[in-house]
Amino acid sequence: MINIVLFGKPGAGKGTQAEFLKEKYNLTHLSTGDIFRYNIKNDTDLGKLAKTYMDKGDLVPDEVTIKMLESEVDKNPGSAGFLFDGFPRTLAQAAALDAFLATKQQQITATVALEADDEILIQRLLERGKTSGRPDDQDEDKIRNRYQEYNEKTAPLMDYYSIQNKFHAVNGIGSVEEVTQRLSQVIDNL
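Since the structure is predicted, the reported quantities are computational estimates derived from the model, not experimental observations.

Visitor: Looking at this model, I keep getting lost on helix α5 (residues 91-103). Mind explaining?
Guide: The terminal C-alpha atoms of α5, which comprises 13 residues, lie 19 Å apart, in line with the 18 Å expected from a rise of 1.5 Å per residue. Among all positions of α5, only Q93, A94, L97, F100 and L101 are buried. Buried positions in α5, seen along its axis, are confined to an arc of 130 degrees and lie on one side of it. Summarising the contacts, the buried residues of α5 are in contact with α4 (62-74), β3 (81-85) and α7 (140-163).

Visitor: Explain the UniProt feature "binding site: ATP" (unreviewed entry) in the protein chain to me, please; I cannot follow it from the model alone.
Guide: The feature "binding site: ATP" (unreviewed entry), as given by UniProt, occupies G11, A12, G13, K14, G15, T16, R128 and G174 in the numbering adopted here. Of the annotated positions named here, the largest pocket is lined by G11, A12, G13, K14, G15, T16, R128 and G174. Structurally, the position occupied by G13 is in the loop between β1 (2-8) and α1 (14-25). For G13, the residues in contact, after removing those within four places along its chain, are L114 and R124. Relative to the helices and strands, G174 resides in the loop between β5 (167-171) and α8 (176-188). For G174, a relative accessible area of 39% corresponds to the partly exposed category.

Visitor: I tried to follow the environment of K130 on my own but got confused; where do I start?
Guide: Along the chain, K130 turns up in helix α6 (residues 118-132). C-alpha separation for the pair K130 and Q185, spaced 55 residues apart in sequence, amounts to 33 Å. A polar contact of 2.8 Å, which involves the side chain of K130, links it to the side chain of E127.

Visitor: Whenever I open this one, the nonpolar core confuses me. Can you help?
Guide: Here is a general trend for soluble globular proteins: nonpolar side chains tend to be buried in one another's company. Residues F7, F84 and Y161 are the most contacted members of the largest nonpolar core, which totals 27 residues. At the level of elements, β1, α2 (32-41), α3 (45-55), α4, β3, α5 and α7 are the ones that each hand at least two residues to this core. Counting residues per element, this core draws most heavily on α4, which supplies five residues. Contact partners of F84, with chain neighbours within four places excluded, come to N3, I4, V5, L6, L30, L69, V73, L97 and I108. Counting residues in each nonpolar core, the second largest holds 21 residues, with L6, L114, I143 and I187 among its members.

Visitor: Sorry if this is basic, but what is going on with the packing of aromatic side chains here?
Guide: The geometry of an aromatic ring pair comes down to the distance between the two centres and the angle between the two planes. All chains considered together, the criterion is met by three aromatic pairs. Seen from their ring centres, F82 and F84 are 6.1 Å apart, and the 35 degrees between their planes marks the pair as tilted. In this pair, the class of F82 matches that of F84, namely buried. Seen from their ring centres, Y160 and Y161 are 5.0 Å apart, and the 85 degrees between their planes marks the pair as edge-to-face. Exposure remark for Y161: the relative accessible area of 0% places this residue in the buried category. Ring pairs connect the aromatic residues F7, Y160 and Y161, which therefore count as one cluster. Directly above the aromatic system of Y53 lies the positively charged group of K56, at a separation of 5.5 Å from the ring centroid.

So, how was this worked out
Residues numbered from 1 in each chain as written. Predicted model: local features only at pLDDT ≥ 70, side-chain atom pairs only at ≥ 80, totals over all residues. Heavy atoms only, no water. Helix = DSSP H or I, 4+ residues; strand = E, 2+ residues; numbered from the N terminus. Expected span 1.5 Å × (residues − 1). Buried < 20%, exposed > 50% of the residue type's maximum accessible area, 1.4 Å probe, protein only. Arc of directions from axis to C-beta. Contact = heavy atoms within 4.5 Å. UniProt positions renumbered as here; feature names shortened; annotations may be inferred. 1 Å grid on protein atoms, 1.4 Å probe; cavity = no way out; pocket = protein on both sides within 12 Å on 5 of 7 lines; lining within 4 Å. Polar contact = N/O pair within 3.5 Å; in protein donor to acceptor, adjacent residues only side chain to side chain. Core = buried A, V, L, I, M, F, W, Y, C linked by side-chain atoms within 4.5 Å. Phe/Tyr/Trp six-rings, centres within 6.5 Å; stacked < 30°, edge-to-face > 60°. Lys NZ or Arg CZ within 6 Å of the ring centre and 35° of its normal.

Written as structure tokens, this is what we have:
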């Protein structure tokens, strides 16, 4: 079983590459954004709970996010592995994920970060914003704020996984195919 955490700033190509990784390695893709939307849309108990925080403009607590993720893992007992996209985002979440996977006799195999220069990514997002309709992709100040938050919260995760020899940085600039090839080299050598 292979369990991968995919990191990258907004615009780094995580969504595009997640589709490739999911297909090539037969992984179950777990995107926290998709999981939140599913639970809220289907009015699950966890979705209702998450919505009470979101409606107030608060971040959903780790415990709620982790319970949603655990539920998704439990729904896929025959999976060849999982691709965690957008989770963990904090050290507490990483520790909780490790503890949960240990109860399943599993662990994170590797974390892969798609790395790219902020200025290139900002231009990418501003271009995406012209067609995506996402307001957070159309305002450079909001984009820079998202990057600052990523740097503050996610950078410690890189150290956390580096200590375990599970962190791999991949150049996220180039054609989709070039980036895909770099990711494949890392995963094939695990």
